[in-house]
Amino acid sequence: MNIFREHLKLYLVTDRRWNSEGILEDVKTALDHGVTCLQIREKDMEHDDFLKISREMKKLTDERKIPFIINDDVEIAVKCDAAGVHIGQGDMPVTEARKKIGQDRILGVSVSTVEEALKAEAEGADYLGVGAMFITSTKGDANPVKLQELKAITETVSIPVVAIGGIDESNILKLDRTGVYGVAVVSSILAKGDIAAATVDMAEKSDILVHDTVRKVLTIAGSDPSGGAGIQADLKTMAAHNCFGMSVITGLTAQNTTGVYGIENVSEDFVANQMDCVFKDIRPEAVKVGMVSSVGIINAISEGLKAHKATHVVVDPVMVSTSGSRLLEDGAMLALKEKLIPLAEVITPNIFEAELLADMKIETKDDMVMAAEKISSWYGGHILVKGGHLHEEASDLLYSRGETFWYKSERIENPNTHGTGCTLSSAIASNLAKGYDIRKSIENSKGFITGAIKDKLNLGKGRGPLNHQFKS
Ligand SMILES: Nc1ncnc2c1ncn2[C@@H]1O[C@H](COP(=O)(O)OP(=O)(O)O)[C@@H](O)[C@H]1O
Ligand SMILES: Cc1ncc(COP(=O)(O)O)c(N)n1
Ligand SMILES: [Mg+2]
């Protein structure tokens, strides 16, 4: 199961030591003040009592749409239909836990070295708990993990990492720039007199920790020398999101705001070579794929993404530029559908691209929904049909496994929309890398694109570029 990184931000692990009778009340207070994930940890409770209290906690988390994880006990997790299980090094093997809970439940594993992290990832963990980070009262014998080791782990594995062990309001910010997506805490909330205030404080600090971390985002796309679309728009967008942008170039275009005057593809081997260089050194947390004009390049990217276990892949199925030029070779459409789109967490077709992917005409917002439905018959990820080219307002439709969500915006009177699609998909990748879930990522990105169009930068003789550096 894909655990949303946002859920790991402030992960509470229970301990009845300080308030055995009132644990449910304390947990409820914490859930209401900023806890994003809950784990019940009971080392020596009778099976029936454990199941009973787990069910009660499950109810509290369900009401608040927060994942509920059971420590160690796979059987209880299945019985109370928890979101997942967390196991330690001394518990059952990771592969066995995975077999018992199935593919749909989250599996967390405690590790303290890069070696253990790689092993747990290979055996099927969805996230890692790394610790103990500081001397703790919960686990007396723990030997603290060095910050450098934590950083090495987050940079090596592709699954998200949460730090655990002795983390409190005084030391949490020491984890700055280690790459974690959150902290798991026990006493810094449950041992406090004022649970609500302690939770708010920790939530604020973990928010700073998680969202100030510079995430790495890769664009695999074509170059636009005039700077408004393609690689150039992507890197500017990532920089505007405080992300570290990297680029694998699939081809050069000769274009400007008036049109595309030539394309020269990079060889597929060289695309693969660039991808290897990036992934082996600075692993991106999210990847945006844009112009991929040939079948060979599509195959190389698809193989590279699989080999390097790329996460948060956003595919912008670029087929035609805003100025109307074809950017995808004839015959490459099938490869795009069969090789690349299946690897994407979200695809972002504009109206024309959605028409081609759904094989139907789109003239209204209802048609957008129908097209997304048709695409969902062969693609299981999230589909964002962009409404920039519709005559109605410029609203985008997110179709997520049968549910529809609209991201509304009035149509801005501005002919300068060169690179809007590139910018939007890069903004989504940046937000996913920062740990936001898909809906929040799209909401934030829609706000960003609207601001960048509204700024009315007016450059060039044709459809000009946006201002990626607009001041909000
Ligand atoms: N005139 C406009 N006013 C407001 N938003 C727009 C306008 N044109 C495009 N957008 C937005 O820009 C984003 C890119 O959409 P679109 O232009 O349809 O894609 P593409 O650039 O791939 O053709 C979408 O969020 C869309 O709603
Ligand atoms: C190299 C390159 N890649 C993509 C686009 C699409 O532009 P838009 O974002 O306007 O759809 C483009 N014009 N050039
Ligand atoms: Mg586009």
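On a predicted model such as this, the values are computed, not experimentally measured, just so you know.

Before we go on, may I ask you to explain the overall build of the protein chain in this structure?
Each helix and strand in the protein chain was counted, giving 16 helices and 17 strands. Taken along its principal axes, the extent of the C-alpha atoms in the protein chain is 70 × 45 × 40 Å. Out of the 472 residues in the protein chain, the part that is buried amounts to 57%. In the protein chain, the share of contacts with a sequence separation of at least 24, taken over all contacts with a separation of at least 6, comes to 66%.

Looking at this structure, I do not really get the packing of helix α13 (residues 351–358) against helix α14 (residues 365–375). What am I missing?
Geometry of a packed helix pair, given as the angle between the helix axes and the separation of the axes. The N-to-C vectors of α13 and α14 enclose an angle of 45°; their axes lie 9 Å apart at closest approach. Considering their axes alone, α13 and α14 lie oblique with respect to each other. Seen along the crossing, α13 lies across α14 with a hand that is left-handed. Facing Ile351, Ala354, Leu357 and Ala358 of α13, the residues of α14 in contact are Met368, Ala371, Lys374 and Ile375. Along the lines of polarity and charge, the residues of the contact of α13 with α14 split into seven nonpolar, no polar and one charged.

How should I be thinking about the site of ligand 1 in this particular structure?
Not every one of the 18 residues close to ligand 1 is listed here, only the nearest: Asn350, His389, Asp396, Thr420 and Lys446. A distance of 3.4 Å is found between an oxygen atom of ligand 1 and a backbone nitrogen or oxygen belonging to Ala394. The separation between a nitrogen atom of ligand 1 and a polar main-chain atom of Ile412 is 2.9 Å. Protein contacts shield 95% of the accessible area of ligand 1, which totals 550 Å² for the unbound molecule. Of the residues contributing to the shell around ligand 1, the split by class is five nonpolar, eight polar and five charged.

Is there a simple way to think about the domain arrangement of the protein chain in this case?
One frequently used descriptor of interface size is the decrease in accessible area upon assembly of the parts. Considered domain by domain, the protein chain is made up of domain 1 (5–212) and domain 2 (216–454). Counting residues at the interface gives 10 residues for domain 1 and 13 residues for domain 2. The contact between domain 1 and domain 2 buries some 990 Å² in all, and 43% of this surface belongs to carbon and sulfur atoms. Applying the counting rule to domain 1 against domain 2 returns five residue pairs in polar contact (both at pLDDT 80 or more). Looking at the side of domain 1 that touches domain 2, the elements that each hand over two or more residues are α6 (147–156) and α8 (195–212). Here the element with the most residues in the side of domain 1 that touches domain 2 is α8; it accounts for three residues. Here the residues of the side of domain 1 that touches domain 2 sort into three nonpolar, three polar and four charged.

So what exactly am I meant to see when it comes to the environment of Ala196 here?
Within the element layout of this structure, Ala196 appears in helix α8. Residues Ala196 and Leu31, spaced 165 residues apart in sequence, show a C-alpha to C-alpha distance of 9.0 Å. If we skip the residues at most four places from it in the chain, Ala196 touches Thr29 and His33.

I would appreciate a short explanation of the environment of Asp15 in the present structure.
Here Asp15 shows up in the loop between β1 (10–13) and α1 (23–32). Classification of Asp15 by relative accessible area gives buried; the value is 15%.

What should I look at first to understand helix α16 (residues 438–454) in this one?
Residues spaced three or four apart along an α-helix point in a common direction, a consequence of the helix completing one turn every 3.6 residues. The terminal C-alpha atoms of α16 lie 24 Å apart, and with 17 residues this matches the ideal 24 Å at 1.5 Å per residue to within 8%. Regarding α16, the residues found buried are Ile438, Ser441, Ile442, Ser445, Lys446, Phe448, Ile449, Thr450, Gly451, Ala452 and Ile453. The inward-facing, buried residues of α16 contact α9 (230–240), β14 (346–347), β15 (382–385), β16 (396–400), β17 (403–407) and α15 (420–433). Capping the start of α16, Asp437 holds a side-chain oxygen 3.2 Å from the backbone nitrogen of Arg439, two or three residues further along. With its phi angle positive at about 55°, Lys456 sits one or two positions after the end of α16.

Help me out: how do you make sense of the pattern of salt bridges in this one?
When the charged atoms of two side chains lie near each other, side chains of opposite charge can form a pair. In this structure the tally under the stated criterion is 26 salt bridges. Between Arg16 and Glu42 there is a salt bridge, with its nearest N and O atoms 2.7 Å apart. Taken together, the residues Arg16 in the loop between β1 and α1 and Glu42 in the loop between β2 (37–40) and α2 (47–63) connect sequence positions 26 residues apart. Assessed through its relative accessible area of 25%, Arg16 is described here as partly exposed.

Explain the nonpolar core here, please?
The nonpolar side chains of soluble globular proteins are, as a tendency, buried together. Counting residues in hydrophobic clusters, the biggest one holds 56 residues, and the most contacted among them are Leu128, Ile167 and Ile189. The biggest single contributor to this core is α2, with five residues. With sequence-adjacent residues up to four places away left out, Ile189 is seen in contact with Leu10, Leu12, Ala30, Val35, Ile195, Ala198, Thr199 and Met202. Val248, Met275, Leu390 and Tyr399 belong to the second-largest nonpolar core, a separate cluster that totals 45 residues.

About the cut-offs
Residues numbered from 1 in each chain as written. Chains lettered and ligands numbered in written order. Predicted model: local features only at pLDDT ≥ 70, side-chain atom pairs only at ≥ 80, totals over all residues. Heavy atoms only, no water. Helix = DSSP H or I, 4+ residues; strand = E, 2+ residues; numbered from the N terminus. Buried < 20%, exposed > 50% of the residue type's maximum accessible area, 1.4 Å probe, protein only. Contact = heavy atoms within 4.5 Å. Axes fitted to C-alpha atoms, helices over the stretch in contact; angles between N-to-C directions. Parallel < 35°, antiparallel > 145°, perpendicular 65-115°, else oblique. Left-handed = near helix turned anticlockwise from the far one by under 90°. Nonpolar A, V, L, I, M, F, W, Y, C, P; charged D, E, K, R; others polar. Near = heavy atom within 4 Å. Polar contact = N/O pair within 3.5 Å; in protein donor to acceptor, adjacent residues only side chain to side chain. Areas by Shrake-Rupley, 256 points an atom, 1.4 Å probe, with all protein chains shown as cover. Domains from an automatic or database assignment. Buried area = accessible area lost by both parts, 1.4 Å probe. Expected span 1.5 Å × (residues − 1). Salt bridge = Lys/Arg side-chain N within 4 Å of Asp/Glu carboxyl O. Core = buried A, V, L, I, M, F, W, Y, C linked by side-chain atoms within 4.5 Å.

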